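# Per-entry structural report
Residues per chain, in single letters:
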Amino acid sequence: AAAAAAAAAAAPVAAADMSRLSVLALCSLLFASLPHALGRSLYGFPGNRYGGFDGFRPGRFGAQDRYGHHQDYHRPACPQYKALQFSEWQPSAGGYTLHAVLPGVRSTDRRTQISADGSQVEIRGVRPVPTRGWMQAPECLPRFAKLSDNGRYEILEASIALPQDADVTRATVQQNGQDGIQVAVPMRHVKPKLQVKADRPAASVPKLQRRPQIQLPSSEGLEVVEEDFEYPEKRADACDGWLDNRGEFQSY
């Protein structure tokens, strides 16, 4: 009976100890997961929680980059930027050749033309803004990049000076690979200047004979008399004048 009474008295103590152990284990688990919970906010990156504090500076509601987009450290990294590239003019058979590469630009989205003054080749193309995951990422572009008005496309352009003896009227453009073009400009044919031989005798110029002088008679003793000239009678069907180039009427 005494053993039964002791066992009955010890049972509540054991149950209380087990409950204390369970509470301690639960608290330990919560404290162990607390750094991970604080390290990631609702917006996907640390230290930017509404009204929170990350230990270094107060959190902000949705931090933004220089383009006004919310930062997201869990998005993929920016793709490697590839700029427009072009070579120097290379001498070819009867002219010059230039190669240019426009990465990511379709053949329907590029234009190549000669400048208005005929001194340069102008290359221009557009391509979509790079993406990170499923969203456009203009922050991946360098600061010198030129964007379209709607901000969805990047504009690639270059102006390359033409050789001085290039014949721009016969310039051609061909596709070179998937993203490249080849500009061919023939050389202008210059006609050789005629050279005059120094030992060639100069042509002789014939001399004209001097005209004889004519002696007019003297006007002494002559009298000048003024008389009225009788004009003939005007015909009835005669015109009164004419129209000049300005459309004004001039009478006779």
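Please read these numbers as outputs of a predicted model, since none were measured by experiment.

Quick notes on the rules
Residues numbered from 1 in each chain as written. Predicted model: local features only at pLDDT ≥ 70, side-chain atom pairs only at ≥ 80, totals over all residues. Heavy atoms only, no water. Helix = DSSP H or I, 4+ residues; strand = E, 2+ residues; numbered from the N terminus. Buried < 20%, exposed > 50% of the residue type's maximum accessible area, 1.4 Å probe, protein only. Contact = heavy atoms within 4.5 Å. Areas by Shrake-Rupley, 256 points an atom, 1.4 Å probe, with all protein chains shown as cover. Pairing = 2+ DSSP bridges. Disulfide = S-S within 2.5 Å. Polar contact = N/O pair within 3.5 Å; in protein donor to acceptor, adjacent residues only side chain to side chain. Core = buried A, V, L, I, M, F, W, Y, C linked by side-chain atoms within 4.5 Å. pLDDT = per-residue confidence, 0-100. Salt bridge = Lys/Arg side-chain N within 4 Å of Asp/Glu carboxyl O.

## What to know about the overall build of the protein
Helices and strands together make up the secondary structure of the protein, namely 1 helix and 13 strands. Expressed as a percentage of the 252 residues in the protein, the buried residues total 21%. For the protein, long-range pairs separated by at least 24 residues make up 48% of all intrachain contacts whose partners lie at least 6 apart in sequence. In the structure as shown, the protein presents an accessible area of about 21100 Å², 56% of it carried by carbon and sulfur atoms.

## Quick word on the pairing of strand β11 (residues 180-186)
With respect to burial, β11 is a largely interior element, 5 of its 7 residues being buried. Where strand β3 (residues 95-101) meets β11, 7 bridges bridge the pair, whose relative direction is antiparallel. Each bridged residue has a counterpart across the sheet, and for L98 the counterpart in β11 is V183. Hairpin connection, strand β10 (residues 172-176) to β11: the antiparallel pair is bridged by 3 residues, and G177 has positive phi, about 80°.

## Focus: the state of the cysteines
On inspection of all chains with the given rule, the structure shows 1 disulfide. The partner cysteine of C78 in its disulfide is C140, sulfur to sulfur 2.0 Å. Taking the torsion about the S-S bond as the criterion, the C78 to C140 disulfide, at about -70°, is left-handed. One end of the pair, C78, is in the loop between α1 (2-39) and β1 (85-86); the other, C140, is in the loop between β7 (135-136) and β8 (146-147), with 62 residues separating them in the sequence. Of the residues examined, C78 reaches a relative accessible area of 37% and is grouped as partly exposed.

## Some thoughts on the side chain of T97
Structurally, T97 is set in strand β3. For T97, the side chain forms a polar contact with the side chain of S92, separated by 3.3 Å. Excluding residues that lie within four positions of it along the chain, T97 makes contacts with E88, W89, Q90, S92, Q182 and V183.

## A few points about the side chain of D244
By the secondary structure assignment, D244 is in the loop between β12 (241-243) and β13 (249-251). Of the polar contacts made by the side chain of D244, one reaches the backbone nitrogen of E248; its length is 2.7 Å. Polar contacts involving the side chain of D244 include one to the side chain of Q250, which spans 3.3 Å.

## Topic: the nonpolar core
L84, W89, L98, I123 and V185 are the most contacted members of the largest nonpolar core, which has 17 residues in total. Mapped by element, the contributors of at least two residues to this core are β3, β5 (120-128), β9 (153-161) and β11. When near neighbours in sequence (up to four residues on either side) are disregarded, V185 contacts W89, G95, Y96, L162, A166, D167 and A171.

## Describing the confidence of the model for the protein
On average, the protein scores 77 in pLDDT, and the residues at 70 or more come to 71%. In the model, residues 37-63 has pLDDT below 50 throughout and makes 38 contacts with residues more than four positions away in sequence or in other chains.

## Structural notes on the sheet that holds strand β4 (residues 110-114)
Across the sheet, which stays open at both edges, the 4 strands sit in the order β4-β5-β9-β8 with antiparallel pairing between neighbours. Only two strands of the sheet have a single partner each, and these edge strands are β4 and β8. Sheet analysis places β4 next to β5, joined by 5 bridges and oriented antiparallel. Across the sheet, residue I114 finds its bridge partner in β5, namely V121.

## Some thoughts on the pattern of salt bridges
Going through the model one piece at a time under the given rule, you end up with 10 salt bridges. With a closest N to O distance of 3.0 Å, E154 and R127 form a salt bridge. Of this pair, E154 sits in strand β9 while R127 sits in strand β5, and the two are 27 residues apart along the sequence. Of the residues examined, E154 reaches a relative accessible area of 1% and is grouped as buried. Several salt bridges converge on common partners, so that one network encompasses R124, K146 and E157.

## A word on the environment of L84
Counting through the fold element by element, L84 comes out in the loop between α1 and β1. With 16 residues separating them along the chain, L84 and A100 place their C-alpha atoms 7.4 Å apart.

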